[in-house]
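Examination of the molecular architecture
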Amino acid sequence: MGKESQVSAMEIDAPKRDSSDQIVPKFSVNVLQLLKSAQMQHGLRHGDYTRYRRYCTARLRRLYKSLKFTHGRGKYAKRTITESTVSEVRFLHLILYTAERAWSHAMEKRQLPNGPNASQRIYLIGRLRKAVKWATLFSQLCAVKADSRTSLEAEAYESYMKGSLLFEQDQNWDVALKNFKSARAVYEELGKYGDLDNQVLCRERVEELEPSIRYCLHKIGQSNLQASELLQIGDVEGPALDLFKAKLEAVMAEARSQQAASMTEFLWLGHRFPISNAKTRVSILKAQELEKDIHGPSADSIPADKRLVIFDKIFSAYHEARGYIRADLATTGSAESVKDDLNGLDKAVSAVLGERTIERNLLLVKVAKSKLAKRHDDKNEKVTKPEELVRLYDLLLQNTADLSDLVSSGRDKKPEEVSFAEVCSCKSLAFRAQRCFYVAKSYSVTEMRAEAYALYCRARNLADDTLKKFQMLDGDNKTMIKELEDLCNECRSNTCIEHALGIIEETKTQENLSEKVSNISLTGTERLEKFLLEKLEVYESAVGDSNVKCTPRITGFPPSFEAISRNPIVLDLAYNMIEFPTIENRMKKDRKAKGGFISRIFG
């Protein structure tokens, strides 16, 4: 009884702390900045969702291990995250990266080469549902455990995930629109506060959400946008636009299929080639729509890098069309008329592909020339060397030769094909003149004046001959004529410059040579420094003094030549005047000469 009364007295004396009186810490997570940094550093800068998913998996493994929140060693025991579990901010990171892993896995399936099939699309939607589930949990926990700004960003993240799921399911466009608008409103409000980096990120996010909102309006019917105009609102880059672009590509493919039904012929050099395959029509139509961007009135306002991307898409479409045409040729029977039509269509598509390849390489030449003209002290951009332009003109010469061979390969040459081949030969001569000019410029950079002078003269002669041929041709060749005239003027000015520099350098060379010859001494130049062997009486370290830049030398090597006395020359002049005594009496006698009869018989 005494102990119980003592315990009760202690409980009375020490008042209990009410949980409501304790200050609960509020966590802060800059959700958008955290996700944007992780995405850009781990694959999404280049659209690599596989790499980003693997990063999320590795990040979750580290978080589970550091939080000691693993699910058992042997048998899997699920551990849920609740409000009481979240004791530090890393638990919120755990939920966020789980949602990101599910979302990146869905986007990885979306970017398959031929698109997801039925089973893969079911799996894709399932992963998006998982992402919505974890994003909703993240928003609920942030509302309790995080500050107001983090809670607001979590709500925007949840709204974006819900909108993406409905966007992919092609249903409830009004609910998807509501979610996208909610996320946009949050980011617009958050973009008004915080540091400059946060404002820029929020503004970029608003721009990424805008195309999805306009597409939802288009599907609901509250927008008058045409399918072709939707391409212009997807120019913004970002992970939030990948679902929109995939959906937009599907819409455009459907629109091309409907438009291709009325396309029955392909026009090239005034001739019409029938197209029977629907897939071939769709590919050619896609390429022609892209060609409008690079040949239209607003083509000059498009940056060079985007134009190169458009050229790559055009090449892909034409190569796809050629594949369908050659597959039809392989399956065609013995009908000669059908084979002739398919061969003519293949030739026309290949020729158009060759023309676009020349246009792309000319664009690369234009970009390289603009960099070549810049000053060398511009550190922000790499300066083009003349050798790079020589390589580009080599490619142009090869492209022109291939195109000319393709056009003139038929037996019955039509007048349009003959004139086209003449234009190709004239362009080839123009490219040769340009190539010769930049080869001369590369020699000029290395100060080989004689070679540069000769090549500039050669380039000028080629440009003059090509200019005369272009002036005789029919058609719109004003651009090539203007370039050739400029090339002639540049060759003439560079020829004069190389001539003058050559004379100046030759004069300086003669002056330097005469000065060096006049300073030649037979004894050699005087040596101011003494070797260590010449000053043995003075102590000096072989390592050398730290104040002296050069290291001491023990002796000269190779050793210098020294004069030495040669052996005397002895001339024996008395040899011919001496009479030597006879020594015949000391010589042996020949016994065979004095032999008898028997010796003469038997030898």
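Source: prediction; values computed, not measured.

1. Details of the environment of Thr280
- Relative to the helices and strands, Thr280 is located in helix 10 (residues 278–295).
- Exposure remark for Thr280: the relative accessible area of 1% places this residue in the buried category.
- C-alpha separation for the pair Thr280 and Asp328, spaced 48 residues apart in sequence, amounts to 9.9 Å.
- Look past the residues within four positions of Thr280 in its chain and what remains in contact with it is Ile275, Ala321, Tyr324, Ile325 and Asp328.

2. As for the side chain of Gln169
- Tracing the backbone shows Gln169 in helix 6 (residues 148–169).
- Among the polar contacts listed, one links the side chain of Gln169 to the side chain of Gln171, at a separation of 2.9 Å.
- With sequence-adjacent residues up to four places away left out, Gln169 is seen in contact with Arg121, Ile125 and Arg129.

3. Brief notes about the confidence of the model for the chain
- Taken as a whole, the chain shows an average pLDDT of 78; of its residues, 77% reach a score of 70 or greater.
- Taking the mean pLDDT of every element in the chain, the minimum, 41, falls on helix 1 (residues 2–13) and the maximum, 92, on helix 3 (residues 49–67).
- Confidence drops under pLDDT 50 across residues 1–22; counting only partners more than four residues distant or on other chains, this segment forms 0 contacts.
- Ignoring residues within four places in sequence, the model shows residues 225–236, a span with pLDDT below 50, making 23 contacts including any to other chains.

4. Brief notes about helix 2 (residues 31–41)
- Three or more residues of helix 2 are buried, namely Val31, Leu32, Leu35, Lys36, Ala38 and Gln39. All buried residues of helix 2 lie within an arc of 165° about the axis, which places them on one face of the element.
- Summarising the contacts, the buried residues of helix 2 are in contact with helix 3, helix 4 (89–110), helix 5 (118–145), helix 6, helix 7 (173–190) and helix 8 (196–220).
- With its phi angle positive at about 115°, Gly43 sits one or two positions after the end of helix 2.

5. Some thoughts on the layout of surface pockets
- Roughly 1100 Å³ of volume is contained in the second largest pocket.
- Along the walls of the second largest pocket sit 32 residues, with Glu359, Leu362, Thr479, Met480 and Glu483 positioned nearest its centre.
- Secondary-structure elements contributing two or more residues to the lining of the second largest pocket are helix 10, helix 11 (304–331), helix 12 (336–372), helix 13 (386–407), helix 14 (415–445) and helix 16 (478–518).
- No other element matches helix 12, which puts 9 residues into the lining of the second largest pocket.
- Residue composition of the lining of the second largest pocket, grouped by class: 16 nonpolar, 5 polar and 11 charged.

6. Quick notes on the pattern of salt bridges
- Summed over all chains, the structure comprises 18 salt bridges.
- Arg356 is paired through a salt bridge with Glu291; the nearest N and O atoms lie 2.9 Å apart. Pair noted here: Arg356 is in helix 12 and Glu291 is in helix 10, with a separation of 65 residues, a long-range link.
- Relative accessible area serves as the criterion here: at 9%, Glu291 is assigned to the buried category.
- Where Asp346 meets Arg322, a salt bridge forms, and the shortest distance between an N and an O atom there is 4.0 Å. Taken together, the positions of Asp346 in helix 12 and Arg322 in helix 11 put the pair 24 residues apart, joining distant regions of the chain.
- We classify Arg322 as buried; its relative accessible area is 18%.

7. Re the nonpolar core
- Counting residues in hydrophobic clusters, the biggest one holds 62 residues, and the most contacted among them are Tyr52, Leu92, Trp103, Phe138, Phe180 and Tyr187.
- Those elements that place two or more of their residues in this core are helix 2, helix 3, helix 4, helix 5, helix 6, helix 7 and helix 8.
- Residue contributions to this core peak at 11 residues, all from helix 4.

What counts as what
- Residue numbers restart at each chain and count upward from 1, following the sequence in its written direction.
- Two thresholds apply to this predicted model, a pLDDT of at least 70 for residue-level local features and 80 or more for giving and counting side-chain atom pairs, whereas whole-chain, interface and lining totals are computed over all residues.
- Water and hydrogen atoms play no part in the side-chain values, which are based on all heavy atoms of the structure.
- Secondary structure elements are taken from DSSP: a helix is a run of H or I of four residues or more, a strand is a run of E of two residues or more, and numbering for both begins at the N terminus.
- Working definition: with a 1.4 Å probe on protein chains only, accessible area under 20% of the residue-type maximum means buried, over 50% means exposed, and in between means partly exposed.
- Every residue pair with non-hydrogen atoms within 4.5 Å of one another is taken to be in contact.
- Counted as a polar contact is a pair of N or O atoms within 3.5 Å, where, for protein atoms, one must be capable of donating a hydrogen and the other of accepting one, and residues adjacent in sequence contribute only when both atoms are in side chains.
- Every residue carries a pLDDT, the predictor's confidence in it, which falls somewhere between 0 and 100.
- Along the arc lie the directions from the helix axis toward the C-beta atoms.
- Think of a 1 Å grid over the protein atoms and nothing else: a 1.4 Å probe that fits but is trapped marks a cavity, an open set flanked by protein within 12 Å on at least five of seven lines marks a pocket, and residues with an atom within 4 Å of a point count as lining.
- Grid points are joined across faces, edges and corners, and a volume is the space filled by probe spheres set on the points.
- Classification convention: Asp, Glu, Lys, Arg as charged; Ala, Val, Leu, Ile, Met, Phe, Trp, Tyr, Cys, Pro as nonpolar; all other residues, Gly among them, as polar.
- Salt bridges are defined by distance alone: a side-chain nitrogen of Lys or Arg within 4 Å of a carboxyl oxygen of Asp or Glu.
- We call a set of buried residues a nonpolar core when its members are Ala, Val, Leu, Ile, Met, Phe, Trp, Tyr or Cys and they connect through side-chain atoms within 4.5 Å of each other.

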